[in-house]
Amino acid sequence: MITHIQGKLVEKKPTNVVIDCGGVGYHLNISLHTYSQIPDQENLKLFTHLQIKEDSHTLFGFSSLEEREIFRLLISVSGIGASIGRTMLSSLTPVQIREGIAVGDVALIQSIKGIGAKTAQRVILDLKDKILKVYDIDENSAIRNNTNKDEALSALEVLGFLKKQSERVVDKILAQQPDADVETIIKLALKNL
């Protein structure tokens, strides 16, 4: 029903924003990923998902169409509600979730607070084919990229860098250069660590 909201940013918190649109303030629940993407400028446009329940109408805001699409896929899985979907997008980027599901990385999905082994397996089982088809991901290239990432991370760990810090840097590199080989990933990561 409401596909996006554009207006003046009135309030910005890590979990929600208020956008004034024609004199009406809209309260949108957001993920930490969206929070990090929102510029501190007055004019803001967020893509939305409206959840209607018996006792409430809740708007969720997303900085990109891709994030909204991943959210909608996640909440289509039995046992994943809007709040868990938002938590998932706060813990991992949409690209990390998409690739984790594509390669069947249960440990990655399970690393999210509130997601157990069975739920992680259900998410992968229900969404893997959709994600491979919708995003036209070749399963083998996704696995190869994941292997490159793992090799680069273990090399950086051997060099004495903290795993979480290295992972953030490597994920940024892979978001910009998905086909980067291990050597390139390590070189670029060393410049940014």
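About the criteria used
Residues numbered from 1 in each chain as written. Predicted model: local features only at pLDDT ≥ 70, side-chain atom pairs only at ≥ 80, totals over all residues. Heavy atoms only, no water. Helix = DSSP H or I, 4+ residues; strand = E, 2+ residues; numbered from the N terminus. Rg over C-alpha atoms; globule rule 2.2 N^0.38 Å. Buried < 20%, exposed > 50% of the residue type's maximum accessible area, 1.4 Å probe, protein only. Contact = heavy atoms within 4.5 Å. Areas by Shrake-Rupley, 256 points an atom, 1.4 Å probe, with all protein chains shown as cover. Lys, Arg positive; Asp, Glu negative; His and termini not counted. Charge placed at Lys NZ, Arg CZ, Asp CG, Glu CD. Polar contact = N/O pair within 3.5 Å; in protein donor to acceptor, adjacent residues only side chain to side chain. Pairing = 2+ DSSP bridges. Axes fitted to C-alpha atoms, helices over the stretch in contact; angles between N-to-C directions. Core = buried A, V, L, I, M, F, W, Y, C linked by side-chain atoms within 4.5 Å.

A. Structural context of the overall build of the protein. For the protein, the helix and strand inventory stands at nine helices and five strands. Counted from the first residue to the last, the protein has its helices and strands arranged as β-β-β-α-β-β-α-α-α-α-α-α-α-α. Computed over its C-alpha atoms, the radius of gyration of the protein comes to 18 Å, within 12% of the 16 Å expected for a compact globule of 193 residues. Its C-alpha atoms put the protein at 55 × 35 × 30 Å along the principal axes. Scored against the burial criterion, the 193 residues of the protein give a buried share of 40%. Taking contacts inside the protein between residues at least 6 apart in sequence as the whole, the part at least 24 apart equals 51%. Approximately 10900 Å² of the protein is accessible, and the part contributed by carbon and sulfur atoms is 50%. Positive and negative charge centroids in the protein, built from 23 and 24 side chains respectively, lie 4 Å apart.

B. View of the environment of Asn192. Of note, Asn192 is situated in helix α9 (residues 182–192). Judged by relative accessible area, which is 53%, Asn192 ranks as exposed. Sequence separation between Asn192 and Ser63 is 129 residues; the distance between their C-alpha atoms is 25 Å. Separated by 3.0 Å, the side chain of Asn192 and the backbone oxygen of Leu188 make a polar contact.

C. Structural view of the sheet that holds strand β5 (residues 57–62). Around the barrel, which closes on itself, the five strands sit in the order β1-β2-β3-β5-β4 with mixed pairing between neighbours. For this sheet the average axis-to-axis angle between neighbouring strands, irrespective of direction, equals 55°. Sheet topology places strand β2 (residues 16–21) next to strand β3 (residues 24–29); six bridges connect them, and they run antiparallel. Looking across to β3, one finds that Ile19 is bridged to Tyr26. Helix α2 (residues 65–75) contacts β4 (43–52) and β5 of the sheet and is inclined by roughly 15° relative to β4.

D. The nonpolar core, seen in detail. Residues Leu74, Met88, Ile97, Ile101 and Leu127 are the most contacted members of the largest nonpolar core, which totals 25 residues. Elements supplying a minimum of two residues to this core: β5, α2, α3 (82–91), α4 (94–103), α5 (106–110) and α6 (117–134). Considering each element in turn, this core owes the most residues, six residues, to α6. Contact partners of Leu127, with chain neighbours within four places excluded, come to Leu73, Leu74, Ser76, Val77 and Ile101. Ranked by size, the runner-up nonpolar core spans twelve residues in total, among them Ala152, Leu156, Val169 and Leu174.

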